[in-house]
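# Remarks on the overall topology
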Amino acid sequence: MSMFCYQCQETAKNTGCTIKGVCGKNEEVAKLQDLLVYAVKGISEIVVKTKTNAAELHTINHEVLTSLFITITNANFDADAIEKQIVKVLGLRDQLAKDTGYNGNQDAAVFTVDSRESMLSKASLVGVLATENEDIRSLRELIIYGIKGLAAYTEHAFNIGKEDVSIYSFIYEGMAATLDDSLTADDLVALTLKTGEYGVKGMALLDEANTSRYGNPEITSVNIGVRKNPAILISGHDLTDMEQLLEQTKGTGVDVYTHGEMLPAHYYPAFKKYDNFVGNYGNSWWMQVGEFESFHGPILFTTNCIVPPKTPEVAGRIFTTGAAGFPGCPNIPADENGKKDFSAIIEMAKKLPSPDEIETGSIVGGFAHNQVLALADKVVDAVKSGAIKKFFVMAGCDGRMKSREYYTEFAKQLPSDTIILTAGCAKYRYNKLELGDIGGIPRVLDAGQCNDSYSLAVIALKLKEVFGLDDVNELPIAYNIAWYEQKAVIVLLALLYLGVKNIHLGPTLPGFLSPNVAKVLVETFGIAGIGTVEDDIEFFMNA
Ligand code: FSO
Ligand code: SF4
């Protein structure tokens, strides 16, 4: 076996990618990512054992976030960039060991490598399969994937200048725990829930960061057609990159379109003032291969999901920034103040044709907690009168598997007295259907990016209060969530921590759950997979 990765929903045969990733990640990149995660575990071990206060670790905190983000599915395919990050992190680890007087002998905290070759052979010994017991391995990876998602959200908040040291401390605690052979399965189950607790904190921090800087998302109609100007497409989740790109393109004659998970940027008041912020182009991440061809202009990836470009022409128009990376595509760095120079992208755009129109019309979104709570009276009345019978939380991710057509069908077949609450790229399975409204409330309410699933939890908790219920599970809300990568794992753990039960998860249950761990999730939290659309709708409507 040359590599092993089973962190996402598309893992080969739902058991593990062993030769090449379904995502396109090759053996070298997979191994370097394993080693980067191991180096982060080493830093975490030192922090925990020496009881170092995370508040004193500014640079290390940030590099740990970036390192974990780099290893998320579809974020970074660039072996050279990952090697560089390993060298950086090991340097920080060794300096930390010195500064703190660490005298332990945990391998992750002391190992050395001096070449790409030595990195690859070390990686073969410390990857996922290094943990032999499949239940312990499953729980360790569940925690690590949750922490990867948490790190991604925390990094976006960091970029806006918002931090919570307790999150860093937890990341060190959680990562170090995955090296500790004395922990039992029960200990790790408890730590899994604690990961969910910090998931809530991380998403709340990012929500506070985004809304304090860019305002509260509001109902917005987003154009999905095009104009006849040269243009840049911006993808991923980082709003500080969005802000800087809009500032730098202002008055240049270059238009800006969002792609994939950047669509919700349109919902923020702060971005509405830019005349060149035109609309959203295309659909969810996996459809980029064809859509980037017809876009014609340069594309900036601020995070995942990158699909390896099929032609040199498209590859030549891709730029990355932050944790994202692809070999041969420039990564735009930030200076010490977080400023980025996007002029190379703008100059390229000016020389290229305007986008081909692939759709026309508009889509409506912006239903994050503040906007929905502003409509609370209307919503509560509609529930009381029976006009709204049930809400369906269908947040999460999209993916390429054919089985995901389930979600489009599910949305189509839901009774007309139901409302879909969505967030994340899962929405593209049904956000262009004509599902109508209930007394003026659209039947698909899009809160925003996957991290804005937090908004859906806030809305649920508020409704619980308004209806005077003791338990969030008594609300007429069903959870039918689609997952793909590790940010969805932290969203799921956050919901479990908040006490939400009976979540249905699809299109398949995670391959990294061992049968015993899956059983715990089923028995404790009522987690279930999906069945047929008809059966599931009948089940949910009668539950
Ligand atoms: Fe989607 Fe990709 Fe936001 Fe993920 S674009 S799949 S859960 O990165 O992060 O929802
Ligand atoms: Fe396979 Fe997913 Fe890992 Fe890529 S990220 S190698 S598709 S499990």
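Residues numbered from 1 in each chain as written. Chains lettered and ligands numbered in written order. Predicted model: local features only at pLDDT ≥ 70, side-chain atom pairs only at ≥ 80, totals over all residues. Heavy atoms only, no water.

## Observations regarding the domain arrangement of the protein chain
Many analyses report the size of an interface as the accessible area lost when the parts associate. The domain boundaries assigned to the protein chain delineate domain 1 (12-213), domain 2 (220-351) and domain 3 (375-542). When each unit is reduced to the centre of its C-alpha atoms, the spacing between domain 1 and domain 2 is 28 Å. Listed per partner, the contact involves 17 residues of domain 1 and 18 residues of domain 2. Overall, the association of domain 1 and domain 2 removes approximately 1,400 Å² of surface from exposure, summing both partners, and the carbon and sulfur fraction of that is 56%. Its largest share of buried area at the contact with domain 2, domain 1 owes to Asn74, Phe77 and His156, together 34% of the area lost on that side. Linking domain 1 with domain 2 are 1 salt bridge, by the criterion used here. Residues Glu243 and Arg213 are paired through a salt bridge, measuring 2.9 Å at the closest nitrogen-oxygen approach. Linking domain 1 with domain 2 are 8 residue pairs in polar contact (both at pLDDT 80 or more). (Domains from an automatic or database assignment. Contact = heavy atoms within 4.5 Å. Buried area = accessible area lost by both parts, 1.4 Å probe. Salt bridge = Lys/Arg side-chain N within 4 Å of Asp/Glu carboxyl O. Polar contact = N/O pair within 3.5 Å; in protein donor to acceptor, adjacent residues only side chain to side chain.)

## Section: the sheet that holds strand 10 (residues 418-422)
Sheet architecture is open: 5 strands sit in the order 13-10-9-14-15, paired in parallel fashion. Both edges of this open sheet fall to strand 13 (444-446) and strand 15 (504-506), since each of them pairs with a single strand only. Neighbour-to-neighbour, the strand axes of the sheet open up by a mean angle of 20 degrees, direction not taken into account. Relative to strand 15, strand 14 (residues 477-482) is paired through 3 bridges, and the arrangement is parallel. In the strand pairing of strand 15, Ile481 is matched with Leu505. (Pairing = 2+ DSSP bridges. Helix = DSSP H or I, 4+ residues; strand = E, 2+ residues; numbered from the N terminus. Axes fitted to C-alpha atoms, helices over the stretch in contact; angles between N-to-C directions.)

## Quick word on the sheet that holds strand 3 (residues 255-258)
By definition, the strands of a sheet pair up through backbone hydrogen bonds, in either a parallel or an antiparallel sense. Strand order in the open sheet formed by 6 strands is 4-3-2-5-6-7, with parallel pairing between adjacent strands. Looking at the sheet topology across the chains shown, the edges are occupied by strand 4 (277-280) and strand 7 (331-332). In this structure, strand 2 (residues 231-235) lies alongside strand 3, joined through 4 bridges in parallel fashion. Across the sheet, Leu233 pairs through a bridge with Tyr257, a residue of strand 3. Each of strand 2, strand 3, strand 5 (299-301) and strand 6 (318-321) touches helix 10 (residues 288-295); the most contacted strand, strand 2, lies at about 160 degrees to it.

## A closer look at the confidence of the model for the protein chain
Reading predicted coordinates in detail is not appropriate for stretches of low pLDDT. Residues of the protein chain with pLDDT of at least 70 account for 100%, and the chain-wide mean is 97. Summarising per-element confidence for the protein chain, the mean pLDDT is lowest in helix 14 (residues 376-385) (95) and highest in strand 2 (99). (pLDDT = per-residue confidence, 0-100.)

## A closer look at the site of ligand 2
Around ligand 2 lies a shell formed by Met3, Cys5, Tyr6, Gln7, Cys8, Thr11, Cys17, Gly21, Val22, Cys23, Lys25 and Thr73. Class assignment of the residues belonging to the shell around ligand 2 gives a composition of 7 nonpolar, 4 polar and 1 charged. (Near = heavy atom within 4 Å. Nonpolar A, V, L, I, M, F, W, Y, C, P; charged D, E, K, R; others polar.)

## Side note on the pattern of salt bridges
For the structure shown, the criterion picks out 26 salt bridges. Two residues, Glu208 and Lys162, come together in a salt bridge whose shortest N-O distance is 3.6 Å. Note that Glu208 is positioned in helix 8 (residues 185-214) and Lys162 in the loop between helix 6 (134-159) and helix 7 (165-177), a separation of 46 residues in sequence. The exposure class assigned to Glu208 is partly exposed, which follows from its relative accessible area of 40%. As a salt-bridge pair, Lys427 and Asp446 come within 3.5 Å of each other at their nearest N and O atoms. Taken together, the residues Lys427 in the loop between strand 10 and strand 11 (437-438) and Asp446 in strand 13 connect sequence positions 19 residues apart. Under the relative-accessibility criterion, Lys427 is labelled buried at 1%. In this structure Asp446 comes out as buried when scored by relative accessible area, which is 3%. (Buried < 20%, exposed > 50% of the residue type's maximum accessible area, 1.4 Å probe, protein only.)

## Section: empty space enclosed by the protein
The tally for this structure, following the rule as stated, stands at 12 cavities of 30 Å³ or more. In this structure, the largest cavity encloses a volume near 180 Å³. For the largest cavity, the lining is made up of 18 residues, of which Asp34, Val37, Val128, Glu141 and Lys148 are closest to its centre. Those elements giving two or more residues to the lining of the largest cavity turn out to be helix 1 (27-49) and helix 6. Here the lining of the largest cavity takes 6 residues from helix 1, the largest share from any one element. Of the pockets and cavities examined, the second largest cavity occupies roughly 120 Å³. Trp483, Ala488, Val489, Leu492 and Leu505 are the residues nearest the centre of the second largest cavity, which is lined by 18 residues in total. (1 Å grid on protein atoms, 1.4 Å probe; cavity = no way out; pocket = protein on both sides within 12 Å on 5 of 7 lines; lining within 4 Å. Points joined across faces, edges and corners; volume = space filled by probe spheres on them.)

## A word on the site of ligand 1
Close to ligand 1 lie His237, Glu261, Trp285, Asn304, Cys305, Cys397, Cys425, Cys450, Tyr484, Glu485, Lys487 and Ala488. The contact in question runs from an oxygen atom of ligand 1 to an N or O atom on the side chain of Glu261, over 3.0 Å. Among the residues forming the shell around ligand 1, the class breakdown is 7 nonpolar, 2 polar and 3 charged. Domain assignment of the residues forming the shell around ligand 1 places at least three in each of domain 2 (220-351) and domain 3 (375-542).

## A short note on the side chain of Asp446
One polar contact links the side chain of Asp446 to the main-chain amide nitrogen of Gly448, over a distance of 3.0 Å. Once you skip the residues sitting within four places of it in the chain, Asp446 turns out to touch Leu263, Tyr267, Gly365, Gly366, Phe367, Thr422, Ala423 and Lys427.

## Quick word on unusual backbone geometry
The omega torsion of the bond from Asn304 to Cys305 falls at 15 degrees, within 30 degrees of zero and hence cis. Cis geometry marks the peptide bond from Gly506 to Pro507, where omega comes out at 5 degrees. If you trace the backbone, Pro507 turns up in the loop between strand 15 and helix 18 (515-525). Phi is positive for His296, which is not a glycine, with a value near 75 degrees. Of note, His296 is situated in the loop between helix 10 and strand 5. By relative accessible area, which is 22% here, His296 ends up partly exposed.

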